[in-house]
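Geometric and topological summary
So the chains spell out like this:
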Amino acid sequence: MFLAEVQCKKCGKKYATEAYATTCPNCNGILTAIYALEDIREQVSPSVLERRIPSVWKYFEFLPVLNKSNIVSLGEGGTFLHKCERLAEKLGLQNLYLKDETTNPTGAFIDRGTTVEVSKIKEFGFKSVCCGLSGNLAASLVAYAARAGLRCKIFLPQRVDVGKFYQTIAYGADIEIARDKEDACRNAWRWVVQGGNTSHFVMPYNLYFLEGEKTTAYEICEQFNWTPPDAIIVPTGSGGHLSMIWKGINELYQIGFLNEKTVKLIGVQAEGCAPIVETYKKGSNKIIPTNKVSTIAIDIGVREPPCGEMALAAIRESKGTAVSVSDKEIIDAVSVLAKLEGIFAEPASATTIAGLKKLVDEGAISPSEKVVCVITGMGLKYPEVTKTLVKGNGKLEKLLRRVERRKYTTRLGETKLHILQIISRKESYGYEIWKILGERFKVKLKIPSVYQHLAELEDGGLIMRSKSETFGKVKRNYYKLTDRGRSVLIQLKNIAT
Ligand SMILES: [Zn+2]
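Worth saying up front: this structure is predicted, and the values here are computed from it rather than measured.

1. Quick look at the sheet that holds strand S9 (residues 199–201)
- With parallel pairing, 4 strands are arranged side by side in an open sheet as S8-S7-S6-S9. Because the sheet does not close on itself, it has two edges, and the strands there are strand S8 (174–178) and S9. Sheet twist, expressed as the mean angle between neighbouring strand axes with direction ignored, is 20 degrees.
- Across 4 bridges, strand S6 (residues 128–131) lies against strand S7 (residues 151–157) in parallel orientation. Of the residues in S7, the one forming a bridge with Cys131 is Ile154.
- Relative to the sheet, helix H5 (residues 135–148) contacts S6 and S7, its axis offset from that of S7 by approximately 165 degrees.

In structure tokens:
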């Protein structure tokens, strides 16, 4: 074990390397791991690393896990670095590469962090994990928890990409629905505290998780024969991945595996939520949070990025830059990446291509520069993006609608099926539906949950309001099935029987 010190980046306090701490117990700041690089150099050289199997764990000496027997792996890392001829030509570049993270076990770069986090908590002896997140991290965590035999509790915000939602369900998590990201996080933390802190609370800025993410930089440098490229472009939400790529580059430089560290780090955000880009442009070091998130790139829509200041420091120290792109530019990038290079990326990942195009157009990147775009997650995480790609092709649009309708019915869930059954017998209102759910179907819900189901069924076009009655101050809305609701109900009954 070569971990020498753990230090808080905010208050500077140091902690014993064997102590359990994910963030600073003193100020909740982000912790950083400092390694005895001199000692590592005595055991590991570039040629030793090159002989090992490609994986996050080939860099074991640079990671905080003590004992190899605690490693929980699904085969993450060791991803391909593509040289892109066709896309490079379109963008007017000569040396364009893609670091294809879509081939990780759950389809996203995040598995690099999760494997280290879950291995480390196995080492600490935890039996369960909990988080209040949706997206790639939730999907990845559930998979690694399953592999490790840990109980996994997820408080899931309602806005979630379909593919990631399917994954989270499939890997067998215990899921509770929360209103939004903040609510999910609060509930998860409360659950951990009420359980006497016997469960490990997962956040994307935990020490062990972040340490795994730096392996992206190790791999890129090794794949270029220990010479960093001129620029690395990274989708940026929490700011963790970009910061850790910079930490990785610095560690390789300090240990002497790199002769230089002249690589520009470029962070790309969506225009609908770009606090790091805005703060960078203002020349400030203190992140200015955004009020709302309005983008299809949900995974990088982080209003107040926890590692934002670290990311800003990495961008400035590396003489890089930060750029934001519109949803339209992101969708175009998804299309061009798939059609020219055979990589189907989720919108958040394609931001790097959209950002690169912008920087080339502005002259901030010159044609001969060696550029790596990190493609962080696969397109099936957010299949809806294909809807925009078939626009104008009537036959495909029609088929897609049919396929999606089928998907919607299987996604509907038992409670909504019961509500449809109740309403199909007679028009009904929220409180009455709640009562029948409990008495006839033994479904115990809180009343607001029933209204939430009703709102979702109404949004999905399966039910509609038929009339309203007012009793004193109380307004009662009645619901009835739409034609579509009726046909979905028949289909669902067929599936059930
Ligand atoms: Zn601190």
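2. Section: unusual backbone geometry
- With phi around 60 degrees, Asn225 is a residue other than glycine that occupies positive phi space.
- If you trace the backbone, Asn225 turns up in the loop between helix H9 (215–223) and strand S10 (231–235).
- Backbone geometry at Lys442 places phi at a positive 55 degrees, although glycine is not the residue there.
- Tracing the backbone shows Lys442 in the loop between helix H18 (430–441) and helix H19 (447–459).

3. What about the nonpolar core?
- With 55 residues, the main nonpolar core has Leu31, Ile40, Phe62, Ile232, Ile249 and Leu265 as its most contacted residues.
- Tallying contributions element by element places helix H10 (residues 240–255) first for this core, with 6 residues.
- Beyond its immediate chain neighbours, meaning those up to four positions away, Ile232 contacts Ile220, Ile245, Ile249, Val263, Lys264, Leu265, Ile266, Val372 and Val374.
- The next biggest cluster of nonpolar side chains, apart from the first, holds 39 residues, and it includes Leu340, Ala345, Ala348 and Val371.

4. A look at a nonpolar patch on the surface
- Among the surface-exposed residues, Leu396, Leu399 and Val403 lie close enough to one another that they form a single nonpolar patch of about 230 Å² accessible area.
- Relative to the assigned elements, Leu396 resides in helix H16 (residues 394–411).
- A relative accessible area of 40% places Leu396 in the partly exposed class.

5. With respect to the domain arrangement of the protein
- Looking at the assigned domains, one finds that the protein contains domain 1 (81–106 + 210–388) and domain 2 (407–496).
- Between the C-alpha centres of domain 1 and domain 2 there is a distance of 44 Å.

6. Topic: the packing of H18 against H19
- At a minimum axis separation of 9 Å, H18 and H19 run at an interaxial angle of 110 degrees. By the angle class used here, H18 and H19 are roughly perpendicular. On H19, the residues touching Gly430, Tyr431, Ile433, Trp434 and Leu437 of H18 are Ile447, Val450, Tyr451 and Leu454.
- Across the contact of H18 with H19, the residue classes break down as 8 nonpolar, 1 polar and no charged.

7. Side note on the pattern of salt bridges
- Applying the stated criterion across every chain yields a total of 29 salt bridges.
- Among the ionic pairs, Lys214 bridges to Glu211, the shortest N-O distance being 2.7 Å.
- Two residues, Lys264 and Glu369, come together in a salt bridge whose shortest N-O distance is 2.8 Å. Of this pair, Lys264 sits in strand S11 (residues 264–270) while Glu369 sits in the loop between helix H14 (347–362) and strand S13 (370–375), and the two are 105 residues apart along the sequence.
- We classify Glu369 as buried; its relative accessible area is 12%.

8. Considering the sheet that holds strand S4 (residues 81–83)
- Strand order in the open sheet formed by 6 strands is S4-S5-S13-S10-S11-S12, with mixed pairing between adjacent strands. Every other strand in the sheet has two partners, leaving S4 and strand S12 (321–325) as the edge strands with one partner each. The average angle at which neighbouring strand axes cross in this sheet is 25 degrees, direction not considered.
- Here 3 bridges tie S4 to strand S5 (residues 95–100), and the two strands are oriented antiparallel to one another. By the bridge assignment, Leu81 is partnered in S5 with Lys99.

9. Quick notes on helix H4 (residues 111–124)
- With 14 residues, H4 should cover 20 Å at 1.5 Å per step; its first-to-last C-alpha distance of 20 Å lies within 8% of that length.
- Most of H4 sits inside the fold, with 12 of its 14 residues counted as buried.
- Along H4, the residues classified as buried are Asp111, Arg112, Gly113, Thr114, Thr115, Val116, Glu117, Val118, Ser119, Lys120, Ile121 and Glu123.
- Backbone geometry just after H4 places Gly125 at a positive phi near 90 degrees.

10. A closer look at the coordination of the zinc ion
- Donor atoms from the polypeptide that coordinate the zinc ion comprise Cys8 (SG), Cys11 (SG), Cys24 (SG) and Cys27 (SG), at 2.2 to 2.3 Å from the metal.
- Viewed at the metal, the 4 donor atoms of the zinc ion are separated by angles of 100 to 117 degrees, and the geometry they form is tetrahedral.
- As a motif over one chain, the donors of the zinc ion read C-x2-C-x12-C-x2-C. Here Cys8 is found in strand S1 (residues 3–8), whereas its partner Cys27 is found in the loop between strand S2 (14–15) and strand S3 (31–35), with 19 residues between them in sequence.

11. Some words on the pairing of S1
- As defined by bridge partners, S1 adjoins S3 across 5 bridges and the pair is classed as antiparallel. Across the sheet, the residue bridging to Leu3 is Tyr35, located in S3.
- Where S1 meets S2, 2 bridges bridge the pair, whose relative direction is antiparallel. Along S2, the bridge assignment pairs Gln7 with Lys14.
- Between S1 and S2, which follow one another and run antiparallel, lie 5 residues, and Gly12 among them has a positive phi close to 85 degrees.

Analysis parameters
- Residues numbered from 1 in each chain as written.
- Predicted model: local features only at pLDDT ≥ 70, side-chain atom pairs only at ≥ 80, totals over all residues.
- Heavy atoms only, no water.
- Pairing = 2+ DSSP bridges.
- Helix = DSSP H or I, 4+ residues; strand = E, 2+ residues; numbered from the N terminus.
- Axes fitted to C-alpha atoms, helices over the stretch in contact; angles between N-to-C directions.
- Contact = heavy atoms within 4.5 Å.
- Core = buried A, V, L, I, M, F, W, Y, C linked by side-chain atoms within 4.5 Å.
- Buried < 20%, exposed > 50% of the residue type's maximum accessible area, 1.4 Å probe, protein only.
- Patch = residues over 30% accessible without salt bridge, like charges linked within 9 Å, V, L, I, M, F, W, Y side chains within 5 Å.
- Areas by Shrake-Rupley, 256 points an atom, 1.4 Å probe, with all protein chains shown as cover.
- Salt bridge = Lys/Arg side-chain N within 4 Å of Asp/Glu carboxyl O.
- Domains from an automatic or database assignment.
- Parallel < 35°, antiparallel > 145°, perpendicular 65-115°, else oblique.
- Nonpolar A, V, L, I, M, F, W, Y, C, P; charged D, E, K, R; others polar.
- Expected span 1.5 Å × (residues − 1).
- Donors = N, O, S within 2.8 Å, 3.2 Å for Na, K, Ca; no water.
- Tetrahedral: all angles 85-135°; square planar, octahedral: opposite > 155°, others 65-115°.

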